[in-house]
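Tertiary structure, described
Chain by chain, the residues:
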Amino acid sequence: MTAISTQSHAPGPARGPVRRTERALAPDLARGTMLLFIALANAAVFAFGNQPGAEASPHGWERPFNLVMFVFVHARAYPMFAVMFGYGLVQLTRRQDAAGTGPGAARSVLLKRNAWLVAFGLVHAALLNFGDFLGAYGIVGILFTLLLLRRGERVQRVVLWLWGGMTVYVAVVAAMAGYRAANSGSGSAGVPTGDVDSLSAPDYAASVADRLGEWPIHTLTVLPFIVIVWLGAWAARRGVLEDPARHRRLLIRTAVIGLGIAFAGGAPIGLVSAGFVHVDGATADAFLMLYEVSGQFGGPGYVALFGLLALRLSKGRSGSRPKLPVEALAALGQRSLSGYLCQSLAWVLLLSPFALALGERTGSPTLTACLSAILVWLATVAGAYALQRRSLPGPAEKLLRRLTYGPR
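Residues numbered from 1 in each chain as written. Predicted model: local features only at pLDDT ≥ 70, side-chain atom pairs only at ≥ 80, totals over all residues. Heavy atoms only, no water.

Describing the pattern of salt bridges
Across all of its chains, the model carries four salt bridges by this definition. In this structure, Glu 153 and Arg 157 form a salt bridge, with 3.4 Å as the shortest nitrogen-oxygen distance. We classify Arg 157 as partly exposed; its relative accessible area is 49%. In this structure, a network of salt bridges that share partners links the residues Glu 153, Arg 157 and Arg 238. (Salt bridge = Lys/Arg side-chain N within 4 Å of Asp/Glu carboxyl O. Buried < 20%, exposed > 50% of the residue type's maximum accessible area, 1.4 Å probe, protein only.)

If you want it as structure tokens, here you go:
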């Protein structure tokens, strides 16, 4: 097991950000690929102006598309980034420790970086997207650094018990939803949705005012994912993604169990959204709750899946340069902050009612959201690869590093 060290000798100055030679393939490949899922989810929210974002009366291909979105994408993609965020907190700390900077330097860097993430989140939310996660990441990162980062192994194992408890909780919710479905008649209820004022604002200024009120509430609702972040930190202490071959059995179990719970939990509301199952309002509410609580298991499940994929790719290439698609996806993963912000800008321009409003003009919000998500994601992949070829960071990463480490 690899632990975070605490050094007693005279500390040196904090070292700079991660170098390319220090990066593992799995985290970058996971971030780059899963930004497509983030794009699909957020584009749908913008196109329909509500959460979770789905056609209420789907026809033809829209029916299986709705099912796929609820099973694999909605509330299942963003937990993966929370796991990777926790993983990164430990990696950054370990790099500082290895450079002989002392525990105080790592703590200072993390607190500064996460404070700036909160600022990034506020600006992102005010200008572009009420559903910002950067501010929540920053707050969680500060809390984790102060309360959990340097705690001993006995404390770190608590997160495994918490996840065990959440597994039991999901099973109870699933049983209640099944009982509700078995003891209620057929109905015509759709997926319960929540309208978002900023997404239907008549002009940009009004949308900014709405988002400034929506962001704090949204941020508070996602702060509990500190447990997901904690699990990522637990995995990082063991170097799971740096040495996937050694942890192959753990990765397989995590992928099967985590994705199995996430996919099964999203299927009932997905079937309702697709119009394949007809239920009453109470049953739809129960299915939605199951979908929400089971989605967090998609985080570790997807991370484990990409760990196994990276292991397979590393065996296939035998030290040679990765193939172009893998290299391009990893390049976006290294610039995931820039890619995420670029997506939000695209949704405002393409889908907002006061901008191009393509969802309304085309008459098919589902198709518009899907194509927009794929095309915007492909554009960010191409842009990230172009930057990678020139050994340049993403603009958002460059700014965050400058604010965190100074002009190095």
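Having seen it, we continue.
What about the layout of surface pockets?
In this structure, the second largest pocket encloses a volume near 510 Å³. The wall of the second largest pocket is formed by 22 residues, among which Leu 231, Trp 234, Leu 250, Thr 254 and Pro 300 lie closest to the centre. Among the secondary structure elements, those contributing two or more residues to the lining of the second largest pocket are helix 3 (78-98), helix 7 (158-182), helix 9 (226-237), helix 10 (248-274) and helix 12 (298-317). Along the lines of polarity and charge, the residues of the lining of the second largest pocket split into 16 nonpolar, five polar and one charged. (1 Å grid on protein atoms, 1.4 Å probe; cavity = no way out; pocket = protein on both sides within 12 Å on 5 of 7 lines; lining within 4 Å. Points joined across faces, edges and corners; volume = space filled by probe spheres on them. Helix = DSSP H or I, 4+ residues; strand = E, 2+ residues; numbered from the N terminus. Nonpolar A, V, L, I, M, F, W, Y, C, P; charged D, E, K, R; others polar.)

Digging into the confidence of the model for the chain
Here the chain averages 92 in pLDDT, and 93% of its residues register 70 or above. Under a pLDDT of 50 for its full length, residues 5-10 has, in the predicted model, 12 contacts with residues more than four places off or in other chains. (pLDDT = per-residue confidence, 0-100. Contact = heavy atoms within 4.5 Å.)

Some remarks on the packing of helix 13 (residues 324-334) against helix 16 (residues 365-389)
The geometry of a pair of packed helices is captured by two quantities: the angle between their axes and the separation between those axes. It is at 8 Å that the axes of helix 13 and helix 16 come closest, and there the two elements cross at 90°. Taken together, the axes of helix 13 and helix 16 lie roughly perpendicular to each other. Each of Leu 324, Glu 327, Ala 328, Leu 329, Ala 331, Leu 332 and Gln 334 in helix 13 lies in contact with helix 16, whose residues at this interface are Trp 377, Thr 380, Val 381, Ala 384, Tyr 385 and Gln 388. The residue makeup of the contact of helix 13 with helix 16, split by class, is nine nonpolar, three polar and one charged. (Axes fitted to C-alpha atoms, helices over the stretch in contact; angles between N-to-C directions. Parallel < 35°, antiparallel > 145°, perpendicular 65-115°, else oblique.)

Looking at a nonpolar patch on the surface
Residues Trp 61, Leu 367, Leu 371, Ile 374, Leu 375 and Leu 378 make up a contiguous nonpolar surface patch of roughly 540 Å² in combined accessible area. Tracing the backbone through its elements, the reader meets Ile 374 in helix 16. (Patch = residues over 30% accessible without salt bridge, like charges linked within 9 Å, V, L, I, M, F, W, Y side chains within 5 Å. Areas by Shrake-Rupley, 256 points an atom, 1.4 Å probe, with all protein chains shown as cover.)

Concerning the environment of Gly 190
By the secondary structure assignment, Gly 190 is in the loop between helix 7 and strand 2 (194-195). When near neighbours in sequence (up to four residues on either side) are disregarded, Gly 190 contacts Val 272 and Ala 284.

Examining a positive patch on the surface
Positive charge collects at one region of the surface, where Arg 248, Arg 249, Arg 253, Arg 312 and Lys 315 lie side by side. Looking at the positive patch, the elements that each hand over two or more residues are helix 10 and helix 12. The dominant element in the positive patch, judged by the number of residues it contributes, is helix 10, at three residues. Along the chain, the position of Arg 249 falls in helix 10. (Lys, Arg positive; Asp, Glu negative; His and termini not counted. Charge placed at Lys NZ, Arg CZ, Asp CG, Glu CD.)

Description of the nonpolar core
If you look at the biggest cluster of nonpolar residues, it comprises 102 residues, and the most contacted ones within it are Met 34, Met 80, Tyr 137, Trp 163, Phe 225 and Trp 347. Counting residues per element, this core draws most heavily on helix 1 (residues 25-48), which supplies 16 residues. In this structure, Trp 163 is in contact with Val 227, Ile 228, Leu 231, Gln 296, Phe 297 and Pro 300, ignoring residues within four places of it in sequence. Ala 177, Val 191, Ala 284 and Leu 288 belong to the second-largest nonpolar core, a separate cluster that totals 12 residues. (Core = buried A, V, L, I, M, F, W, Y, C linked by side-chain atoms within 4.5 Å.)

Description of the packing of helix 1 against helix 16
Viewed as axis vectors pointing N to C, helix 1 and helix 16 meet at an angle of 145°, and their least axial separation amounts to 8 Å. Relative to helix 16, the crossing made by helix 1 is right-handed. Side by side, helix 1 and helix 16 meet where Gly 32, Thr 33, Leu 35, Leu 36, Ala 39, Leu 40, Ala 43, Ala 44, Ala 47 and Phe 48 of the first sit next to Pro 365, Thr 366, Ala 369, Cys 370, Ala 373, Ile 374 and Trp 377 of the second. Here the residues of the contact of helix 1 with helix 16 are counted per class, giving 14 nonpolar, three polar and no charged. (Left-handed = near helix turned anticlockwise from the far one by under 90°.)

Things to note about the state of the cysteines
According to the stated counting rule, one finds zero disulfides in the structure shown. We note that Cys 370 lacks a disulfide partner, and the nearest cysteine sulfur, in Cys 342, lies 18 Å from it. (Disulfide = S-S within 2.5 Å.)

A few points about the environment of Glu 153
In this fold, Glu 153 is placed in helix 6 (residues 153-156). The buried category is assigned to Glu 153, whose relative accessible area is 17%. Remark: the alpha-carbon pair of Glu 153 and Trp 234, spanning 81 residues in sequence, is separated by 9.3 Å. Here the side chain of Glu 153 touches Arg 238 through a polar contact of 2.2 Å, side chain to side chain. (Polar contact = N/O pair within 3.5 Å; in protein donor to acceptor, adjacent residues only side chain to side chain.)

A word on unusual backbone geometry
The general pattern is negative phi for most residues beyond glycine and trans for most peptide bonds. For the peptide bond that leads from Gln 51 to Pro 52, omega is 5°, which places it in the cis range. Along the chain, Pro 52 turns up in the loop between strand 1 (50-51) and helix 2 (62-73). At Ala 357, a residue that is not glycine, the phi angle is positive and equals roughly 50°. For Ala 357, the location among the structural elements is in the loop between helix 14 (336-351) and helix 15 (358-362).

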